[in-house]
Amino acid sequence: MESCISICLLSIFLFCHIVPFTHSFNSSFLPRCHDYERSALLQFKESFILEDTTLDGCYPRVESWKLVKGGRGDCCSWEGVECDEETNHVIGLDLTDSCLYGSINPNSTLFHLVHLHSLNLAYNNFNLSQIPSQVGLLSRLTHLNLSFSFLSGQIPHEIFNMSRLISLDLSRSAPGLKLHKPSFKDLVQHLTNLKVLHLSSMIISSKVPELLAKFSSLESLRLNGCGLQGEFPVGIFQLQNLKIVDLSDNPDLKGYLPPFQLKSALKSLILPRTNFVGELPFSIGSLAYLEELHISDCNFTGQIPYSFSNLSNLVYLDLSNNHFSFHSPIISSFSWVGNLTKITTLGLAGLNMKGEIPSWLMNLTQLSTVYLEFNQFTGPIPSTLAKLSRLKYLYLSNNLLSGPIPFQIYNMHELILSSNELQGSIPSNVSQLKNLEVLVLHSNNLVGSVELSTFLQLKKLRTLILSFNRLTLITKTSTNASIPKFEVLGLAFCNLTEFPRFLHNQDQLIFLDLSSNNIQEKIPSWMCSISTNSLDYLNLSHNHLTGFEKDPAILQWAKIRILDLRSNRLHGSFPLPPPSTSSYLISHNKLVGVVSALLCNLSALETLDLSFNNLSGRLPHCLGNFSDSLSSLDLRRNNFNGNIPSTWRTGCKVRMISIGYNQLQGEVPRSLANCSSLELIDFGNNHIIDSFPSWLGNLENLRILILRSNGFHGVIDKPQTKGFSNLRIIDLSHNSFTGKLPSLYFEIWDAMKVTNASHMTYMGDSMKPEQYHRFTYYGQYDYSMIMSNKGLELEYRKIPDILTAIDFSYNKFEGEIPDIIGHLQRLYLLNLSNNLLNGHIPSSLANLKELECLDLSRNMLSGKLPPELSKLTFLSSFNVSYNQLEGPIPRGKQFDTFESNQYEGNRGLCGVPLEKECENFEASPQERSNVVEDDDTGSVFKFKWMIVLIGYGTGFIFGVVVGHKITKKKHDWFVKSFGRKQQHRSQRVKRRRSRS
C-alpha cells in the first residue's frame, strides 16, 4: 500500500515538473513572432527595391528577413527587429540606411505593426512619396525617425495620434516636408511629451510657438533651414534640461540671447545665419557643459565677454562674421581663446582682425580646423603651425598675408590661402602632403614655373586652384602616371598654350576653369567628352580658341549649368548648349548665322550673352517665354532683325535686357511692364519707331534706360504714378523728341539726388547657383553698356551703381533749361547738346557738385555764363560752343583747363582761353582766391591732378572704363582704389572750400 502511494506521489511530482519543462523546451524552438507581424514585415520588405550597396555604402538589413522550412521564421531574430519579451509583439523597427528604395504607400503593411514603440527609417530613399495618413495607426510610438529619407508633401494630421511621442525626427528629407496645415503650432499643441524635436530643412515658414518654452522635458531642438520667422521665444533657452539648440540657416528669425541659468545643461548652441542681435550675455561663461558654440553670420554686437575663458569644455567655437567691437589691438581681445585647450574647431573669420597670426594658436594642440579668412592679417604664415600635429583644415583666404607658403604642415587635408599677397614659388615638397585633398592658392603673387606632376603625385587631391597668379604651369606628364580624379580644377591665368592632356581621362570634374590663358587651337573632340555626366561649370573664356575640332550639334555635358566661352575667336555657326544650361556666355567672338530655335529647349536659362558677334536673323520668340527663369539677356552688337519678342509673362524675372546695335524694328513691347525686376533696358541703336514709353516708369527697380539712336518721337508725356523714381542713367540721344524738357521727371528722379558713394559696387547678377560645390568661385555677371562721352563711344564693362547720367542730345527739345535740374545733385554727366534750347543757362547747375561732364553745345542759349559754375570742382569736360552766349568766361579751378574750341561759335564770349579780351573786366577777389598758388606744394598738386586728368581720363566716368581694363586680374583692388578715390575727392572738396 505504501509503495502504491509512493508511486502515485512520484507520478504527480513528475507530471507537475516534466510537463512544464516539456512545454518550455518546445516553446524555445517555436518562433516568437506573431504570424501576421511576420507576414507584414515580409510584405513591407517586398515593396522596396534594394539599392546598390557599392554606390552609397548602405547596409541591407532586410536581406536577413527569410522564412525557414515550413514557411515559418522567428522575425524577432531578424536584423533591425525588436520584440517584447513577454508578448512577442514587434515593438521596434530600425532600418537606418538599409538601402531601401521605393514609396511608402497608404496600404503598406508597415501600418499593421500597431504595437511599435520605435520606428527608424532614416537614410533611405522613399522616392519623394508622402507620409500616408495611416501613420496615425501607430499610436503607441514613442520614437519616430524619418530623417534623410526623401519624403515630400504635407505632414498628415494623423501624426497627432502619436501623443506618446518623446522623440520626433523628420529632418532633411529633401526636397522638404511641409508643416503648414497642420502647422508648427498645431504639432506643438498635440505632442506635448517631446524630449527630442528635429525638423531641420522642413518647410515651416512660420513663427516658433511660444508654447515650446513650456516643454520642461525638452532636451534637443533642431530647426535649421526651416524658413522660420518672427521673434524666437527667449524662454526656450532657459529650459533646464535643454542640451542642444540648432536654429541655423533661418535668416528671417530674430532673437537675442538672454542671461543663462547657472544649472543649464546646454551643450550645443548653434545659430549661424540667423538674425540674432544684441550683445552676448556675460552669463554665457557659466555654461559649464557647453561644448559647441556656433554663432557665425549673425548680427551680434558689443564686446565678447571675458567670461568666455571659463568655457573649458568647448570643442567647437565659431564667432565669425558678426559686428563685435574690440579693444585695441584686436588680437589681444582674443587672447583668452588660448586657454580653451580642448578646442578642435575655431572660427574667427570676418572680424576685421589685424596684425600677424596670433601666437596663442600654438596653445590649442587639439586644433584640427581653423577659419581665419576675411580678416586683415599681415606678415608671413608662421611655420610653427606645423607643430599643431592634428591640424588638417586651414582657411586663411582673403587676408593680407605675405611671404612664402609653409608646406611643412604635412598632415594637412585642406589648405585655403587664396586672395592674399603670398610670394615666391611653389616648392616641390608640396608633393609630400600625402593627405592633401584641397589646395586653393588663387589670386596671390606666386611666380615661377611649376610642374603639374608635382600635384599629380597627391593621390587624394580632389580640388586644385592655382588661378590668377604669375605662374607658368608645365603640364606634360607621363601617360602611364596614375592621376588623381579631380572635382574642382582652376588653372586660369597659368600661361597655358594648349589643353592639358591629363584632362583626357578626367570623368568626375564638377568645376573647370581654363580662362585667361593663351590656348590657341580648336577645342579638341576629346575635350568635349570629359566629365559629361558631372561637369557643372566650364570656363574657357579669354583665350584664342578658333572653334571646335568637330562641330557638335549640341554640346554634350549633360549636367552643365554655366558655360563661359567669352572673348575668343570662335567662328562658324552658333553652338547650342545642353538643355541643363542656366548661364551661357559666348560674347566677343566671330559667330555667324541664325540662332537655332532649339535654344528654346533651355528651360532653366538664367543668363544669355551673345553680344559682340555677327549673328543675324530674327530672334527666337521663345525668349519671352524664358521670363520665368531668365534674368540677364545681352544680344548687343549683332545683326538681328525683326521685332523684339513680346511674350513677357506676368511674374517675369528679367533684370537686364540689352539688345542695342542691331536692326530690330517695331515698338517697345508693352508686355515688358510685367517684368517688375528690370534694372537695365538698352534698346539703343536699332530701328524702333515709337513714342516715349512712359509706362516703363512703373518699374520701380529700373536704373538704366537707353533708347539712343532710334526713331522715338513726340513730346515726353507727364509721368505716370511712379515716374522712374529709381532711375540713374537715361540716354534718349539721337532721336526725334520734341517739346520742352521733362521737368516733372527731374523732380521725381530721386536716385540722381542722393547717392551713397562710400562703398562702390557694380550692377550685375551673381552666377553662384543655390547649390554649389565647395571652394568654387562663380563670380558675378557684370552688366555693361555703351555710352557716348566727350565725343567717344565707350564700352562700360562694369557699371558702378553710383554712376548717374542724362543724355538728351541730338533731339528737338526746345524752351529753357529748367532750374529744377539743379536738384539732381549727384549727377555726373549732363548732355543737352544739339537741341533747340534757348534762354539763360541756369545758375542752379552749380549745385551739381559731382558733375564731370556738361555739354550744352549747339543750342540757342543766350546770356552770360554763370560765374557760379567755377565751383564745379570735378568738371573735366565742358562744352557750350555754338550758342549765343556773351560776357566773360569764368576763371579758376577747372575752367583754367578748358580749351578755346569748347567756347567757339559764341561771338559775345570773351576772356581766357579765347583771344578776345573782355573790356573793363577784372577777376573778382573771390575768383582769384579759387586759383591755387603755392610754390612749395604746387608741383605736387599739379602732378596729382595730372593723374586724375590723364590716368583716370579726367574723372570718374571715363576712369571706370580705363580702370576696368587695367585691373583684369583683381577687380577687388579696383573697388578699393576707387573707393579711396571717392573718399579723397570729398576730402579735396573740403580742403578747397576751406581755402576759398
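Residues numbered from 1 in each chain as written. Predicted model: local features only at pLDDT ≥ 70, side-chain atom pairs only at ≥ 80, totals over all residues. Heavy atoms only, no water.

## Some remarks on the overall build of the protein
Here is the rule we go by: Strands here are runs of E lasting at least two residues and helices are runs of H or I lasting at least four, both read from the DSSP assignment and numbered beginning at the N terminus. Only protein chains enter the accessibility calculation, which uses a 1.4 Å probe; a residue is then buried when its area is under 20% of its type maximum, exposed when over 50%, and partly exposed in between. Each accessible area value is a Shrake-Rupley result obtained with a 1.4 Å probe; residue values ignore everything except the protein chains displayed when judging cover.
For the protein, the helix and strand inventory stands at ten helices and 65 strands. With 996 residues in all, the protein has 53% of them scored as buried. Approximately 43500 Å² of the protein is accessible, and the part contributed by carbon and sulfur atoms is 51%.

## Digging into the packing of aromatic side chains
Operational definition: Each Phe, Tyr or Trp ring (for Trp, its six-membered ring) is paired with any other whose centre lies within 6.5 Å, and the angle between the two planes then decides the class: stacked below 30 degrees, edge-to-face above 60, tilted in between.
Within this structure, the stated rule accounts for 33 aromatic pairs. For the ring pair F308 and W336, a centre distance of 5.4 Å and an interplane angle of 75° mean the geometry is edge-to-face. Of this pair, F308 sits in the loop between β19 (299-302) and β20 (316-318) while W336 sits in the loop between β21 (323-324) and β22 (345-347), and the two are 28 residues apart along the sequence. Here F308 matches W336 in class, with each residue buried. Taken together, F692, F712, F724, F737, Y745, F746, W749, F808 and F813 form an aromatic cluster joined through their ring pairs.

## Comments concerning the side chain of S171
Basically, it comes down to this: Polar contact is the term for a pair of N or O atoms within 3.5 Å; when the atoms are in protein, one must be able to donate a hydrogen and the other to accept it, and sequence-neighboring residues count only if both atoms are side-chain atoms. Working rule for contacts: check all heavy atoms of both residues, and any pair within 4.5 Å makes them a contact.
Looking at the element boundaries, S171 is found in the loop between β9 (167-169) and β10 (176-178). Look at S171 and you get buried, because its relative accessible area is 7%. Only 2.6 Å separates the side chain of S171 from the side chain of D169, close enough to count as a polar contact. Setting aside residues up to four positions removed in sequence, S171 forms contacts with S147, F148, H198, L199 and S200.

## Considering the nonpolar core
Quick reminder of the rule: By convention a nonpolar core is built from buried Ala, Val, Leu, Ile, Met, Phe, Trp, Tyr and Cys residues, the set being connected through side-chain atoms within 4.5 Å.
Counting residues in each nonpolar core, the largest one holds 247 residues, and the members touching the most others are L319 and W749. Of the residues forming this core, the biggest block, four residues, is contributed by helix α2 (residues 35-46). Counting 35 residues, the second-largest nonpolar core is a separate cluster that includes I465, M760, M767 and Y781.

## Thoughts on the sheet that holds strand β8 (residues 151-154)
Our working rule: The pairing criterion for strands is at least two bridges between them, as found by DSSP.
Pairing in this open sheet of three strands is parallel, and the strands run β6-β8-β10 from one edge to the other. Strand pairing shows two members of the sheet lacking a second neighbour, β6 (129-130) and β10, which therefore form its edges. Bridging between β6 and β8 involves two bridges; their strand directions are parallel. The partner of Q130 across the bridge, within β8, is S152.

## Some thoughts on the state of the cysteines
Any covalent bond linking the sulfur atoms of two cysteines counts as a disulfide. Put simply, the rule reads: Disulfides are defined as pairs of cysteine sulfur atoms found within 2.5 Å of each other.
Tallied over the entire structure, the rule returns six disulfides. The disulfide partner of C652 is C675, and the S-S distance across this bridge is 2.2 Å. Handedness of the C652-C675 disulfide follows from its S-S torsion of about 95°: it is right-handed. In this pair, C652 sits in the loop between β44 (639-643) and β45 (656-658) while C675 sits in the loop between β46 (663-665) and β47 (680-682), placing the two residues 23 residues apart along the sequence. Each of the two residues, C652 as well as C675, counts as buried. Here C910 pairs with C918 through a disulfide, and the sulfurs are 1.8 Å apart. Its torsion about the S-S bond being 105°, the disulfide of C910 and C918 is classed as right-handed. The disulfide pattern of the protein is 1-3, 2-6, 4-5, 7-8, 9-10, 11-12 when the bonded cysteines are numbered in sequence order.

## Description of the sheet that holds strand β65 (residues 908-910)
Hydrogen bonding along the main chain pairs the strands of a sheet, whether they run parallel or antiparallel. Cut-off, in case you're wondering: In this description, a line fitted to the C-alpha atoms serves as the axis of each element, helices being fitted only across the stretch in contact, and the angle between N-to-C directions of two axes falls anywhere from 0 to 180 degrees.
Read from one edge of the open sheet, eight strands run β48-β50-β52-β58-β60-β62-β64-β65, paired in parallel fashion. Each having just a single partner strand, β48 (689-691) and β65 make up the two edges of the open sheet. When the angles between neighbouring strand axes are averaged without regard to direction, this sheet yields 20°.

## Describing the pattern of salt bridges
The condition is simple: A pair is scored as a salt bridge if a Lys or Arg side-chain nitrogen falls within 4 Å of a carboxyl oxygen belonging to Asp or Glu.
The final tally for this structure, using the stated rule, is 19 salt bridges. For R32, the salt bridge goes to E85, with nearest N and O atoms at 4.0 Å. A residue pair is termed long-range when its members are at least 10 positions apart, and R32 in the loop between α1 (2-28) and α2 and E85 in the loop between β2 (81-83) and β3 (90-94) qualify at 53 residues. For E85, a relative accessible area of 67% corresponds to the exposed category. Of the charged contacts, one joins D35 and R38 as a salt bridge, the two residues approaching to 2.9 Å between their closest N and O atoms. Placement of the pair is D35 and R38 together in helix α2, with a separation of three residues, close to one helical turn. Overall, the relative accessible area of 5% leaves R38 in the buried class. Salt bridges here are not isolated pairs; linked through shared partners, they connect D249, R273 and D297.

## As for the environment of A265
Note that A265 resides in the loop between β15 (250-255) and β16 (268-270). Excluding its chain neighbours within four sequence positions, the residues that come into contact with A265 are Q240, N241, L242, K243 and Y289.

## Topic: the pairing of strand β50 (residues 711-715)
Where a strand is regular, its side chains alternate between the two sheet faces. The sheet contact formed by β48 and β50 spans three bridges and is parallel. Across the sheet, D690 pairs through a bridge with F712, a residue of β50. Bridge count for β50 against strand β52 (residues 736-740) is three bridges, and the pairing is parallel. Opposite G714, over in β52, you have F737 as the bridge partner.

## Some words on unusual backbone geometry
Both trends apply: most residues other than glycine have a negative phi, and most peptide bonds are in trans. A cis geometry characterises the amide bond from K181 onward to P182, with omega recorded as 10°. Within the fold, P182 resides in the loop between β10 and α4 (184-190). Unusually for a residue other than glycine, N321 sits at a positive phi of about 55°. Mapping N321 onto the fold places it in the loop between β20 and β21. N321 sits in the partly exposed class, given a relative accessible area of 30%. At S709, a position not held by glycine, the phi torsion is positive, near 55°.

## Considerations on the confidence of the model for the protein
As a reminder, the rule being used: Each residue gets a pLDDT score, which is the predictor's confidence in that residue and runs from 0 to 100.
Looking at the protein as a whole, the pLDDT averages 87, with 87% of positions reaching at least 70. Every residue in residues 922-954 scores below 50 in pLDDT, and together they form 35 contacts with partners more than four places removed in sequence or on other chains. pLDDT under 50 marks residues 962-996. Its contacts with residues more than four places away, or in other chains, come to 52 contacts.

## Overview of the pairing of strand β64 (residues 884-888)
The pairing of strand β62 (residues 860-864) with β64 spans three bridges and is classified as parallel. Bridge assignment links K864 to a residue of β64, and that residue is E886. Examined bridge by bridge, β64 and β65 share three bridges and lie parallel to one another. Each bridged residue has a counterpart across the sheet, and for P888 the counterpart in β65 is C910.

## A closer look at the environment of E852
Position of E852 among the secondary structure elements: in the loop between β60 (836-839) and β61 (853-855). As for E852 and Q894, which are separated by 42 residues in sequence, their C-alpha atoms are 10.0 Å apart.

## A few points about α2
Formally: A helix is expected to reach a length of 1.5 Å times the quantity of its residues less one.
If you check α2, its first and last C-alpha atoms are 17 Å apart, about what twelve residues at 1.5 Å a residue would give, namely 16 Å. Among the residues of α2, those classed as buried are E37, R38, A40, L41, L42, F44 and K45. Structurally, α2 contributes buried residues whose contacts are with β2 and β3.

## Regarding a nonpolar patch on the surface
Defined as follows: Only residues above 30% relative accessible area that lack a salt bridge enter a patch, with like-charged residues linked at up to 9 Å and the nonpolar side chains Val, Leu, Ile, Met, Phe, Trp and Tyr linked at up to 5 Å.
Where nonpolar side chains cluster on the molecular surface, the patch consists of Y36, V114 and L137 and spans about 250 Å² of accessible area. Mapped onto the elements, Y36 comes out in helix α2. With relative accessibility at 39%, the residue Y36 sits in the partly exposed group.

## Regarding the environment of L319
Along the polypeptide, L319 turns up in the loop between β20 and β21. For L319 and L293, which are 26 residues apart along the polypeptide, the C-alpha to C-alpha distance reads 8.1 Å.

## Notes on the side chain of S419
Take S419: it is sitting in the loop between β28 (414-416) and β29 (421-422). By relative accessible area, S419 is classed as buried at 18%. Contact partners of S419, with chain neighbours within four places excluded, come to S397, N398, N399, H442, S443 and N444.

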